[in-house]
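A closer look at the structure
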Amino acid sequence: MPVDFSLCLTAAFLLLSPVGAVISNRRAGSPILYTASLLFSAALAGNALAFLISGGEPSTDVLPLGIPWMGAHFREDALSAVFIVVINLGAAGASFYALGYGRHEQEPRRVIPFYPAFLAAMNLVVLADDAFSFLLSWEFMSLSSWALVMAHHRAPANVRAGFVYLVMASFGTLALLLAFGLLAGPDGNYAFDAIRGSGRAAAHSWLVLLLILLGAGSKAGIVPLHVWLPLAHPAAPSHVSALMSGVMTKVAIYGFIRIIFDLVGAPEWWQGMAVLVLGGITAVIGVLYALMEHDLKRLLAYHTIENIGIIFIGLGLALAFRSNGMPAAAALSLTAALFHVFNHSLFKSLLFFGSGAVLNSTGARDMEQLGGLIHRMPQTAVAFLVGCVAISALPPLNGFASEWMTFQAILLSPSLPQWGLKLSVPATGALLALSAALAAACFVKAFGVTFLGRPRTARAAAAIETDIFSRLTMFIWAGLCVLFGVLPALAIDAIGPAVLGLLGARLAPQLPISWYLLVPISENRSSYDGLLVFLFIALSALFTAIAVHWLGSRAIRRSAIWDCGFPDPSPLAQYTAGSFAQPIRRVFGTLVFHAHEQVVIPAPGDVAPARFHVTLQDPAWDGIYAPLASAVSFAAGRLNVLQFLTIRRYLTLVFVTLVALLVVLAIWT
Amino acid sequence: MDLILAFATQGVQMLLVAAAAPLFTGAVRKIKSRLMRRVGPPVLQPYRDLARLMRKEAVAAANASWLFRATPYLVFAATWVAAALVPTFATGLAFSWTADLIAIIALLGSARFFLALAGIDIGTSFGGIGSSREMLIASLAEPAMMMIIFVLALIAGSTQLSNIAGFMASSAVGLRVSLGLALIALIMVAIAENARIPIDNPATHLELTMVHEAMVLEYSGRHLSLIELSASLKLLLYVSLIACVFTPWGLAPADSGPIAWLTGIAAWLLKLLVAAFALALFETSIAKMRVFRVPEFLGAALMLGLLGALLRFVSAGF
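My aim in this report is to walk through the structure given alongside it, one point at a time. (Residues numbered from 1 in each chain as written. Chains lettered and ligands numbered in written order. Predicted model: local features only at pLDDT ≥ 70, side-chain atom pairs only at ≥ 80, totals over all residues. Heavy atoms only, no water.)

**Some remarks on the overall build of chain B**
- Per the secondary structure count, chain B includes eleven helices and one strand.
- Secondary structure elements of chain B occur, N-terminal to C-terminal, as α-α-β-α-α-α-α-α-α-α-α-α.
- Compactness check: chain B gives a C-alpha radius of gyration of 19 Å against a globular reference of 20 Å for 318 residues, within 12% of the reference.
- With respect to the three principal axes, the spread of C-alpha positions in chain B is 55 × 45 × 45 Å.
- Pairs at least 24 apart in sequence give 81% of the contacts found in chain B among residues at least 6 apart.
- When the accessible surface of chain B is summed, it comes to about 11200 Å², and 71% of that surface belongs to carbon and sulfur atoms.
- Side chains of chain B carry 22 positive and 16 negative charges; the gap between the two charge centres is 8 Å. (Helix = DSSP H or I, 4+ residues; strand = E, 2+ residues; numbered from the N terminus. Rg over C-alpha atoms; globule rule 2.2 N^0.38 Å. Contact = heavy atoms within 4.5 Å. Areas by Shrake-Rupley, 256 points an atom, 1.4 Å probe, with all protein chains shown as cover. Lys, Arg positive; Asp, Glu negative; His and termini not counted. Charge placed at Lys NZ, Arg CZ, Asp CG, Glu CD.)

**Comments concerning the side chain of A:S59**
- Structurally, A:S59 can be placed in strand β1 (residues 59-63).
- Polar contacts involving the side chain of A:S59 include one to the main-chain amide nitrogen of A:V3, which spans 3.3 Å. (Polar contact = N/O pair within 3.5 Å; in protein donor to acceptor, adjacent residues only side chain to side chain.)

**Focus: helix α3 (residues 78-101) of chain A**
- Here α3(A) spans 34 Å end to end across 24 residues, near enough to the 34 Å set by a 1.5 Å rise per residue.
- Most of α3(A) sits out of view: 23 of its 24 residues are buried. (Expected span 1.5 Å × (residues − 1). Buried < 20%, exposed > 50% of the residue type's maximum accessible area, 1.4 Å probe, protein only.)

**A short note on the environment of A:Q510**
Residue and element names in this part refer to chain A.
- Mapped onto the elements, Q510 comes out in the loop between α20 (488-503) and α21 (530-551).
- Along the chain, Q510 and L291 lie 219 residues apart, while their C-alpha atoms are 36 Å from each other.
- Not counting the four nearest positions on each side in its chain, Q510 is found in contact with A489, I492, D493, L517, L518, V519 and P520.

**Re the interface of chain A and chain B**
- Taken together, the contact between chain A and chain B spans 82 residues of the former and 77 residues of the latter.
- Of the roughly 7100 Å² buried where chain A meets chain B, counting both sides, 73% is carbon and sulfur surface.
- For the interface between chain A and chain B, the tally reads one salt bridge.
- Here B:E57 and A:R557 are joined by a salt bridge, their closest N and O atoms 2.7 Å apart.
- One can count 31 residue pairs in polar contact (both at pLDDT 80 or more) joining chain A with chain B.
- At the level of elements, α14 (373-376), α15 (378-391), α16 (398-410), α17 (419-451), α21, β3 (556-559) and α22 (577-592) of chain A are the ones that each hand at least two residues to the side of chain A that touches chain B.
- The greatest single-element share of the side of chain A that touches chain B, amounting to 18 residues, is contributed by α17(A). (Buried area = accessible area lost by both parts, 1.4 Å probe. Salt bridge = Lys/Arg side-chain N within 4 Å of Asp/Glu carboxyl O.)

**What to know about the packing of helix α13 (residues 327-362) of chain A against α15(A)**
Residues and elements named next belong to chain A.
- Where α13 meets α15, the closest approach of the two axes is 9 Å, and the angle between their N-to-C directions is 145 degrees. Between α13 and α15 lies a crossing whose hand is left-handed. Between α13 and α15, the contacting residues are F347, K348, L350, L351, G354, S355 and A357 on the first element and T380, A383, F384, G387, C388, A390 and I391 on the second.
- Split by residue class, the contact of α13 with α15 holds nine nonpolar, four polar and one charged. (Axes fitted to C-alpha atoms, helices over the stretch in contact; angles between N-to-C directions. Left-handed = near helix turned anticlockwise from the far one by under 90°. Nonpolar A, V, L, I, M, F, W, Y, C, P; charged D, E, K, R; others polar.)

**Let's talk about the nonpolar core**
- In terms of nonpolar packing, the biggest core is built from 350 residues, with A:F256, A:F261, A:L315 and B:F113 touching the most fellow members.
- If one sorts the elements of this core by residue count, helix α5 (residues 125-156) of chain B sits on top with 20 residues. (Core = buried A, V, L, I, M, F, W, Y, C linked by side-chain atoms within 4.5 Å.)

**What to know about the pattern of salt bridges**
- In this structure the tally under the stated criterion is 18 salt bridges over all chains.
- Through salt bridges that share partners, A:R75, A:D77, A:D193, A:R196, A:R258 and A:D262 make up one connected network.

**A word on the packing of aromatic side chains**
- Under the counting rule described, the total for this entry stands at 30 aromatic pairs over all chains.
- Seen from their ring centres, A:Y34 and A:Y115 are 5.1 Å apart, and the 75 degrees between their planes marks the pair as edge-to-face. Highlighted residues: A:Y34 in helix α2 (residues 29-54) and A:Y115 in helix α4 (residues 114-127), separated in sequence by 81 residues. For the pair A:Y34 and A:Y115, one class covers both residues: buried.
- Measuring from ring centre to ring centre gives 6.5 Å for A:F353 and A:W477, while their planes differ by 70 degrees; the resulting arrangement is edge-to-face. You can see A:F353 sitting in helix α13 and its partner A:W477 sitting in helix α19 (residues 468-486), a full 124 residues away along the chain. Taken as a pair, A:F353 and A:W477 share a single burial class, namely buried.
- The structure contains a cluster of three or more aromatic residues connected by ring pairs, namely A:Y97, A:Y101, A:F353 and A:W477.
- For the cation-ring pair, A:K219 lies above A:W228, with the distance from its terminal atom to the ring centre recorded as 5.9 Å.
- A cation over an aromatic ring shows up here: A:R586 above the ring of B:F292, its NZ or CZ 4.5 Å from the ring centre. (Phe/Tyr/Trp six-rings, centres within 6.5 Å; stacked < 30°, edge-to-face > 60°. Lys NZ or Arg CZ within 6 Å of the ring centre and 35° of its normal.)

Written out as structure tokens, the structure reads:
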């Protein structure tokens, strides 16, 4: 059965972890381990894909682990299978990439043992079929990834990142724990089957939604719970960053879908609205953060927040349609969200691989120190460019296909009866369009400042092309981005069974439609054909090039830079990431980040350089976390006296607490 | 036979837009000059300019990458495909179902993405300023355009341009508030997207306020020629878009013969002439605005579009 196969391979990952600890200081240790991880994850992904295509029945298994009278339940259905493909495709890519990248690792012993454990934990989360195993796997995933974040623990920034991550992760698990408590009830059975049947969710639906949004949302990176993400993702080695950003956030999305769509069941319309609006805000704020950021890996991490927002818009729409009994529209929204989950895992991994190659080759993550890498690392540049086009939602690549489907879902929503939805859906549509347009600006900046122009430092000028494994991985992933852009039907049809299982409806199979056309509702309404758009552009570009070279001139002369006749030989005179983002900072940044620019010009005769300062305030830190931290600190200071009591007083305190709890219980019932 | 005919009409459309684009640009320039009491260049001057640039050798900076040289072809191809999918003389052409209005606008976004990258490629301050401002304008114009698409799609029940045009030509459409808002917003977006006055001045050089021209400053010869042709095509695309949605008269329906096509072409040329007059008149009567006023202009377009979409969401009657 598929679930047994998946569990065996997950166990193999777990066994690989201590093996890794033993062999990590050998020369051959890292290649052996990454090859094994590559094979295991490829097998897992292949098995799940075969399950999806064959349309098999869900399979379950109970292991005598965990709570004694209950055991650990595992189940693999279509939804789990979709996410197993996403996880293990990303894991296979990261492992293959690490065959080359891992050789440059300074401290392999801090990475290798935790890497397979992290992969096992993510697989266990999507396989778990009771609350106990789910939470245990979830926490295991947090801790193993925390260990990877702390791999380079001597940098103070990484220590802080690890601390913030640990706090947020434990907080998220706590929220999930409480949510499961509400779902299962006081005498409850924690198996998912029992929760599904109990119908207890309806009583506390708003509290459950809030707790799930806090728990899964903090892992996924919903604004304002995103603060750990841009700190922790870049701190890890690049192949782990790719996994955390491209894959682990998707496991959080899985948690949300599993609980809200599957366990809780019948939603209310305002739940859809809350998720939808939260998604829209997250998308725009995430991309604005990314625009203000000039560290390449942090920019990518911030940009993950935007994509999470887009996915949550799709999920919110699906909830809204479902609550109004419109299964076809809900299926379209959920398919769009799941397709974007898959697409984002592809291009975000690709971009992190590229940033890792740049980091390896130049030692710099700050874009202001890079530039001109397209000449020094031409192959990395091509793959990174494909990732940039895909993530900016530009046709004919895959990012556009899933955003296009989300827009089609939005256009179905005027038939929703509730006023709150009638007003919030078009506003969210505007936010989605805004975030897509800003994403394009963000990636013009990311690619342009890093790879184009002239090198800004000697390090950038001395960069060399990265190793063969990294390049191969990036090209395969770039190829996948193109493949699912021109043939989106491949992914959409594979997602179909998962949507059918959750909503009882799915999109009509798209592959049989002639010319690989994508028709979400009906051909009269809307259609898009990535393959033909791609072919048209390629053919007309080719035709134009041949015609121009044949009829016009084909001569090209290289000369000095023109720049209107006043070229400045210093590479510092070119546009930087900061200056590129300046217009957008002025327009949006003053509103969101209270951006403030200050120019200090020395007095006449003074030879000191003029200085330009920009200050940005992070609204999430200043508005929520800083007050929270000072409140905790204040309370801790006040409670400090309790640390130095005698044993008698401690016993009294325990007794008083017990009595108080009993009184509460007596009044409650 | 039907298939060959369908391919032929689509081919005619592609050649027609490519051939007519410089003519429209020339007509606008001529009318503008006449309005300013100048003689102005001949209407056919853009063709001569393009041909002259094609024949010259291209000069590229020593550090220009392959992206710099490939961009003109990519930009032209993407703009050309987008322009070929907007109905000009007939609806329901063979490939009209390939991409809907959202995809057409996104194709223009792809073209802009590469053009902005090419602006940064050489590593000059002019190129950077152009790219940076172009992306700012796009980041506001694209959501406004999307809201306009929402309005049109909700009225016509489709995002396919052929269907929208067909619906607009029918009697079912009537006079609607949201359509009026969408029209104003669409004109504002078209002005901004095509770098026309008051957002940008297509005739200017060596000014700190220029946007599009600063971005393509390093281009010369055949590359510049293709970029100028793409700019003309994009202008023609937006005019055709406004014409086919708001004045769909004379458009040949899907299954019509050559006579309907000929009247369609004549009607389209007439609409272009009217649009050229209107654009020239507008541009001569208004001054260029500061760059940081542009967000207000486009913000207004976005709000108009959003208002239109909200009206449609609230009630199907508006």
